[in-house]
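The lines below spell out each chain.
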Amino acid sequence: MPEMDPNPGPRRPSRVPWGVAGTLVLIVGIEAFASRSAAWITVPDAWGWRVAARAAAGPESGADLLCFGDSLVKLSLAPPVLERELGQSVYNLGLIGGRTPAMDALLGRVLESGRKPHAILLGLEPNVLAQNPEIGLKFCCEAMSLFGLLDMAWSSRDASMGAKAVLSKCLPTYRSRFEIRAYVRDPLHGMPTTLLTELTAPYERNWTVNRGAQLMAPGTGPPAPPGSDFFPYNRNWRCHPTEGRYLKRFLARAEAAGIPVFWILMPYDVPPAHEDKATAFNEVYTNFAKRLADRYANVTIVDARSAGLPSRLYYDGLHLSRDGAGLLSKALADLMRTTPDPELSRWLDLPPISPQQPIPRLEDVDASKLALTPSETIRR
Amino acid sequence: MLFNSFHFAYFFLIVFPVYWLLPHRARTAFLLAAGYYFYASWDWRFLSLLILSTVMDYGCGLALGKIETPRHRKMFVALSMVLNLGMLGFFKYFNFFTENLQVLLANSGLNVPLWQLEVALPIGISFYTFQSMSYVIDVYRRDIPPKRNLIEFATFVSFFPHLVAGPIMRPTTLLPQIETPRQFNLQQFYQGCYLIFWGLTKKIVIADNLAMIVNDLFGRSGSIDGGLALLAIYAFAFQIYCDFSGYTDVARGVSKCLGFELALNFNLPYFATSPKDFWSRWHISLSTWLRDYLYIPLGGNRGGMAMMYRNLLLTMMIGGLWHGAAWTFILWGTYHGLWLVGHRMAQPLLDKIQPTNRGDRLAWKLFRMAATFHFVCFGWLLFRATSLTQVGEMLNAILYHMALPAGAYLVPVLAVVLPLLAIQVWQYGARDLDAIGRAPWYVRSLIYTACFYAIVLGGEFQGSQFIYFQF
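Here's what I pulled together on the structure shown here. The structure displayed is predicted, hence computed values, not measured ones.

### As for the overall build of chain B
Part 1 of the reasoning: Of the regular secondary structure elements, chain B holds 18 helices and zero strands.
Part 2 of the reasoning: Since a compact globule built from 471 residues should have a radius of gyration of about 23 Å, the 23 Å found for chain B is in line with a globular shape.
Part 3 of the reasoning: With the principal axes as the frame, chain B shows a C-alpha extent of 70 × 65 × 50 Å.
Part 4 of the reasoning: Across the 471 residues of chain B, 54% fall into the buried class.
Part 5 of the reasoning: Considering only intrachain contacts with a sequence separation of at least 6, the fraction spanning at least 24 residues in chain B is 76%.
Part 6 of the reasoning: Computed over 34 positive and 23 negative side-chain charges, the separation of the two mean positions in chain B equals 9 Å.

### So, the overall build of chain A
Part 1 of the reasoning: Secondary structure assignment for chain A yields 16 helices and six strands.
Part 2 of the reasoning: Relative to its length of 380 residues, chain A is compact, with a C-alpha radius of gyration of 24 Å against a globular reference of 21 Å.
Part 3 of the reasoning: Considering chain A as a whole, with its 380 residues, one finds that 53% of them fall into the buried category.
Part 4 of the reasoning: Roughly 17400 Å² of accessible area belongs to chain A as shown, and the carbon and sulfur atoms make up 58% of that amount.

### Remarks on the interface of chain B and chain A
The figure often quoted for interface size is the accessible area lost as the parts come together.
Part 1 of the reasoning: Facing the 39 residues of chain B at the interface are 38 residues of chain A.
Part 2 of the reasoning: Regarding the contact of chain B and chain A, the summed buried area is about 3100 Å², with carbon and sulfur atoms giving 59% of it.
Part 3 of the reasoning: Summed over the three residues of chain B that lose the most area to chain A, namely B:Phe6, B:Arg438 and B:Leu457, the buried surface amounts to 20% of that side.
Part 4 of the reasoning: At the junction of chain B with chain A, the criterion picks out zero salt bridges.
Part 5 of the reasoning: Between the two partners, chain B and chain A, sit seven residue pairs in polar contact (both at pLDDT 80 or more).
Part 6 of the reasoning: Sorting the residues of the side of chain B that touches chain A by element identifies α1 (6-21), α8 (186-219), α16 (407-430), α17 (435-438) and α18 (441-458) of chain B as the ones contributing at least two each.
Part 7 of the reasoning: When residues in the side of chain B that touches chain A are grouped by element, the largest group, 11 residues, is from α18(B).
Part 8 of the reasoning: Across the side of chain B that touches chain A, the residue classes tally to 20 nonpolar, 10 polar and nine charged.

### Details of helix α14 (residues 275-295) of chain A
Residues and elements named next belong to chain A.
Part 1 of the reasoning: In this model, α14 (21 residues) spans 30 Å end to end at C-alpha, consistent with the 30 Å of a helix rising 1.5 Å per residue.
Part 2 of the reasoning: For α14, the set of buried residues is Ala278, Ala280, Phe281, Asn282, Tyr285, Thr286, Phe288, Ala289, Leu292 and Ala293.
Part 3 of the reasoning: Looking at the packing, one finds that the buried side of α14 touches α6 (126-130), α13 (241-256), β4 (261-265), β5 (299-303) and β6 (347-349).

### Some thoughts on the side chain of B:Ser245
Residue and element names in this part refer to chain B.
Part 1 of the reasoning: Within the secondary structure, Ser245 sits in helix α9 (residues 226-257).
Part 2 of the reasoning: The exposure class of Ser245 is buried, given its relative accessible area of 1%.
Part 3 of the reasoning: Separated by 2.6 Å, the side chain of Ser245 and the backbone oxygen of Tyr241 make a polar contact.
Part 4 of the reasoning: If we skip the residues at most four places from it in the chain, Ser245 touches Lys202, Ile240 and Phe266.

### With respect to unusual backbone geometry
Part 1 of the reasoning: Cis geometry is adopted by the peptide bond preceding B:Pro167, which originates at B:Gly166 and carries an omega value of 5 degrees.
Part 2 of the reasoning: Mapping B:Pro167 onto the fold places it in the loop between α6 (150-158) and α7 (171-179).
Part 3 of the reasoning: The phi angle at A:Arg157 is positive, at roughly 55 degrees, despite the residue not being glycine.
Part 4 of the reasoning: Relative to the elements of secondary structure, A:Arg157 occurs in the loop between α8 (146-156) and α9 (159-170).
Part 5 of the reasoning: Even without being glycine, B:Leu268 reaches a positive phi, approximately 50 degrees.

### With respect to the state of the cysteines
As used here, a disulfide is simply a covalent bond connecting the sulfur atoms of two cysteines.
Part 1 of the reasoning: One pass over the full model with this rule turns up zero disulfides over all chains.
Part 2 of the reasoning: The structure places no disulfide on A:Cys170, whose sulfur is separated from the nearest cysteine sulfur, that of A:Cys141, by 8.9 Å.
Part 3 of the reasoning: B:Cys193 supplies the cysteine sulfur nearest to B:Cys257, a cysteine that is in no disulfide, at a spacing of 4.3 Å.

### Let's talk about the sheet that holds strand β3 (residues 119-123) of chain A
Residue and element names in this part refer to chain A.
Part 1 of the reasoning: Spatial strand order, β2-β1-β3-β4-β5-β6: six strands in an open sheet with parallel pairing. Two strands in the sheet have a free side with no partner beyond their single neighbour: β2 (90-92) and β6. Ignoring which end each strand starts from, the neighbouring axes of this sheet average 20 degrees apart.
Part 2 of the reasoning: As paired strands, β5 and β6 are joined by three bridges and run parallel to one another.

### Here we look at the pattern of salt bridges
Part 1 of the reasoning: Taken as a whole, this structure holds 29 salt bridges over all chains when the rule is applied.
Part 2 of the reasoning: Measuring nitrogen to oxygen at the nearest pair gives 2.5 Å for the salt bridge that ties B:Asp432 to B:Arg438.
Part 3 of the reasoning: Look at the salt bridges and you will find they share partners, linking A:Glu85, A:Lys330, A:Asp334 and A:Arg337 into a network.

### Topic: helix α2 (residues 44-57) of chain A
It helps to recall that an α-helix has 3.6 residues per turn; residues three or four apart then point in one direction.
Residues and elements named next belong to chain A.
Part 1 of the reasoning: Helix length check: α2 (14 residues) gives 20 Å between terminal C-alpha atoms against 20 Å at 1.5 Å per residue, within 8%.
Part 2 of the reasoning: For α2, the tally of buried residues reaches 10 of 14 residues, placing the bulk of the element in the interior.
Part 3 of the reasoning: Residues Pro44, Ala46, Trp47, Gly48, Trp49, Val51, Ala52, Ala53, Ala55 and Ala56 constitute the buried set of α2.

### Some words on a nonpolar patch on the surface
Part 1 of the reasoning: A surface patch of nonpolar side chains, about 450 Å² in accessible area, is lined by A:Val16, A:Trp18, B:Trp441 and B:Tyr442.
Part 2 of the reasoning: Assignment of secondary structure puts B:Tyr442 in helix α18.

### Considering the packing of aromatic side chains
Residues and elements named next belong to chain B.
Part 1 of the reasoning: One pass over the full model with this rule turns up 76 aromatic pairs over all chains.
Part 2 of the reasoning: Ring geometry for Phe189 and Tyr190: centres 6.3 Å apart, planes at 45 degrees, overall tilted.
Part 3 of the reasoning: What makes Tyr190 buried here is its relative accessible area of 18%.
Part 4 of the reasoning: For the ring pair Phe238 and Phe373, a centre distance of 5.9 Å and an interplane angle of 45 degrees mean the geometry is tilted.

### What to know about the environment of B:Trp279
Part 1 of the reasoning: Counting through the fold element by element, B:Trp279 comes out in helix α10 (residues 275-279).
Part 2 of the reasoning: Put simply, B:Trp279 and B:Phe266 are 13 residues apart on the chain and 9.6 Å apart in space, counted from C-alpha to C-alpha.

### Details of the packing of α2(A) against helix α5 (residues 100-112) of chain A
Residues and elements named next belong to chain A.
Part 1 of the reasoning: Remark: α2 packs on α5, axes separated minimally by 7 Å, with the N-to-C direction vectors making an angle of 30 degrees. By the angle between their directions, the pair α2 and α5 is classed as roughly parallel. Residues Trp49, Ala52, Ala53, Ala56 and Ala57 of α2 pack against Ala102, Leu106, Arg109 and Val110 of α5.
Part 2 of the reasoning: Tallied by class, residues from the contact of α2 with α5 come to eight nonpolar, no polar and one charged.

### Concerning a positive patch on the surface
Residue and element names in this part refer to chain A.
Part 1 of the reasoning: Together, Arg157, Arg238, Arg245, Lys248, Arg291 and Arg295 make up a positively charged patch on the protein surface.
Part 2 of the reasoning: Those elements that place two or more of their residues in the positive patch are α13 and α14.
Part 3 of the reasoning: For Arg238, the position within the fold is in the loop between α12 (196-209) and α13.
Part 4 of the reasoning: Here Arg238 falls in the exposed class, since its relative accessible area comes to 58%.

### A few points about the packing of α9(B) against helix α15 (residues 388-400) of chain B
Axes are the key here: two packed helices are described by the angle between their axes and the distance separating the axes.
All names here are of chain B.
Part 1 of the reasoning: Relative to each other, α9 and α15 sit at 125 degrees, their axes nearing to 7 Å. Taken together, α9 and α15 sit at an angle that is classed as oblique. Handedness of the α9/α15 crossing: left-handed. Between α9 and α15, the contacting residues are Gly226, Ala229, Leu230, Ala232 and Ile233 on the first element and Met394, Ala397 and Ile398 on the second.
Part 2 of the reasoning: Residues of the contact of α9 with α15, tallied by class, amount to seven nonpolar, one polar and no charged.

### So, the pairing of β3(A)
Part 1 of the reasoning: Counting buried positions along β3(A) yields five of five residues, so the element is predominantly enclosed.
Part 2 of the reasoning: Every second residue of β3(A) is oriented toward a common face, with A:Ala119, A:Leu121 and A:Gly123 on one face and A:Ile120 and A:Leu122 on the other, all of them buried.

How each quantity is defined
- Starting from 1, residues in each chain are numbered consecutively following that chain's sequence as written.
- Throughout, the order in which chains and ligands are written sets their labels, letters from A for the former and numbers from 1 for the latter.
- Restriction of local features to residues with pLDDT of at least 70 applies here, the model being predicted, together with a cutoff of 80 or more for giving and counting side-chain atom pairs; totals for whole chains, interfaces and linings are based on all residues.
- To get the side-chain values, all heavy atoms of the structure are used, and hydrogens and water are removed first.
- Only runs of H or I of at least four residues qualify as helices and only runs of E of at least two qualify as strands under DSSP, and these elements are numbered from the N terminus.
- Between the two quantities, the radius of gyration covers C-alpha atoms and the globule rule is 2.2 Å times the number of residues to the power 0.38.
- Under the scheme applied here, a residue whose accessible area is under 20% of the maximum for its type counts as buried, over 50% as exposed, and between as partly exposed, the area being computed with a 1.4 Å probe on protein chains only.
- A contact between two residues is defined here by any heavy atoms of the two lying within 4.5 Å.
- Working convention for charge: Lys and Arg count positive, Asp and Glu count negative, and His plus the chain ends are omitted.
- Charge coordinates come from a single atom per side chain, which is NZ of Lys, CZ of Arg, CG of Asp or CD of Glu.
- Here the open area of atoms and residues is found with the Shrake-Rupley method and a 1.4 Å probe, where only the protein chains shown may cover a residue.
- Two parts placed together each lose some accessible area under a 1.4 Å probe, and adding up what both lose gives the buried area.
- Definition used for salt bridges: Asp or Glu carboxyl oxygen within 4 Å of a side-chain nitrogen of Lys or Arg.
- As used in this structure description, the phrase polar contact means that two N or O atoms lie within 3.5 Å; if the pair is within protein, one of them must be able to donate a hydrogen and the other to accept it, and residues adjacent in sequence are counted only when both atoms belong to side chains.
- In the scheme used here, Gly and all other residues not listed as nonpolar or charged are polar, with Ala, Val, Leu, Ile, Met, Phe, Trp, Tyr, Cys and Pro taken as nonpolar and Asp, Glu, Lys and Arg as charged.
- The span you would expect from a helix comes to 1.5 Å times its residue count less one.
- Two cysteine sulfur atoms make up a disulfide if the distance between them is within 2.5 Å.
- Here, any two strands with at least 2 DSSP bridges between them count as paired.
- Between N-to-C directions, angles cover 0 to 180 degrees, with each direction set by a line fitted to C-alpha atoms, over the stretch in contact for helices.
- In this scheme, patches are assembled from residues that exceed 30% relative accessible area and form no salt bridge. Like charges are connected within 9 Å, while nonpolar side chains (Val, Leu, Ile, Met, Phe, Trp, Tyr) are connected within 5 Å.
- Two rings from Phe, Tyr or Trp (for Trp, the six-membered ring) form a pair when their centres sit within 6.5 Å of each other. Planes less than 30 degrees apart are called stacked, planes more than 60 degrees apart edge-to-face, and all others tilted.
- What sets the label is the angle itself: under 35 degrees gives roughly parallel, over 145 gives roughly antiparallel, 65 to 115 gives roughly perpendicular, and the rest give oblique.
- Handedness of a crossing follows from how the near helix is turned relative to the far one, being left-handed for an anticlockwise turn of less than a right angle and right-handed for a clockwise one.

In structure tokens:
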């Protein structure tokens, strides 16, 4: 016979669940502490979203030119060079792994703060456009409001995304659970613990020095796997419906505010063996961009895919390294400076860039790390 | 629609308020609709089987209420069993029997290609067919009158909290609850919320984290040392317990929120001190069903020791087969049958050990618990293994290549199992499964907060299926 008493009698009746009430108080306290300690539990890429969101509502967004987009923009457009060449202030609001819902939210913040750039430089990675934005939900929480996240879930008709969005936004511990786990797991596995504050500090300096951009040192990108025959794009590319919806919203918002948008079709490194694939993909993507440009009168396509930059100027085949970013930015500035009324053009071809020309001097992340003082490693 | 999914959370958030706002009759019909929606969300095509089983047994019950001739009454019971077991046999065991028949024929020199089914197993079929059959048998035995209200009977069969993985409810227990108008009870609602929370903690934090380690180690059973093999078996023991009892807790919790009381299905099974004790604590609804509808009709412990042992063995073998169409399940059931028989045989000897000293009594009890646990774990090895070869590999490693398990595996297992054991020791010592609920509010707050963060930080959110759904 089991020794448990199957009928131990009723609990002490209480209308108020004091246990649950106490739990809620504890949870609120812990989450508040986690929120204040966000720097310790947020990876650099996510922290970059937070910084960009702050900048979009701050004085940085008062720049004459604002850059929007994903990592292609963040790593490949250098505001210091653009500013020098164009004589206008520039700020890069690019987001690593950026999603169009977040991009639209940032533009909304800029306009709500009463600022309006003279023009927008836009760059988008096609494979990110093809993905479900839920993949970047954790990062979206750093830049979007709860309402914006729920709107994204509604737009995707995805109730599960909505629930995850609420959890991620309201519970910093849930959002950073992998980072917190790593703090516990790594010492148990004998691995050194890296404080995220120390990891992020060089990036934060680099974003400050480069006005929002993140410039990577040449030759520090991930090596291609041996024997890899991978090419990231193909002719079957399609824009994800939700990403497309928000891209249109972004362009419409800029159009309504009277802001010209220069949509840069960013260059990427094409191995000779995949030129056919690249040509086929480029045609599909060009048609996609043209359809949107035809719909929004404020959009000018800048085709930089024939920039002809050599592989050594790329960080990883898609993103440019520091030198490549400098050259691309200079070439873009030259194009905009020499084209009369560029915002009235519907299509601009960026001429091939000579890699022999002097490379603008810029600070990359490695240099930022060396330049950090001990006090700068400790973030607020 | 898994309990540990947002889909279910949204479903229940809608069902709960609508249910309580409706009057009694409409409430029952609404529960039926919710049950069908819940089942159809898995695969709408198999809803027809659930409805077929329901209508069939409803009809058989009505017929048994009108017919008095014993021969004709038996016919309707047989009809119900043939149709229910026929459905179960067709979807679950057809391929198993044809494959083995083919092997048997091939061994006899006859190569006859037999037809193989390519159809998914309807989820919950093992549970609702048994539940529905038990209604017909109870009507036949005149334990309950036949149900005339089809809506109430259909709700009994398709009550969604327990539809896909039990507990198997007796008509004598659940039907009266459906018939009686239910009143919202705040304490019952709190208890329900607590059970849901505790069940999800066991599933998401403990079972799903252990599953990754178990799958990894069983996946390379041929190359791990004895320490890891033993750890894999212990981890699986807790994985299957937390997975199944977690599901049951959520089912009971959801039911309580709707004003129903489902049967307790797990009663600290790893604190059992004998095989009989284990089976009175593990999957209680199935073991009592098998006792009442198989063991006792076979003769039970009447007809001498040999008959009793035969009935015990047969019942456990069929219990093993119920779990799945594979020889490892039959072997597992047979093993438990042999263990039960062996323990019965050894009972006179064991009864002679009567320590008088309190410390000795405790030591003897702990020894029996540990021994029972390890006998159960050996059974889990048979249950989890994909083949007898794998069983051999794991045993070989344990017997001949013993080593301390690597910390990378041992620490995560201990991290999730030790807190569970601490709570269960508390429950066992207090002789109260609701020990946490009776603790002071600040103790409860700390425990709830710890469980909450265990879920948030340590939980796996891939929405993994419950193990017993495959049965």
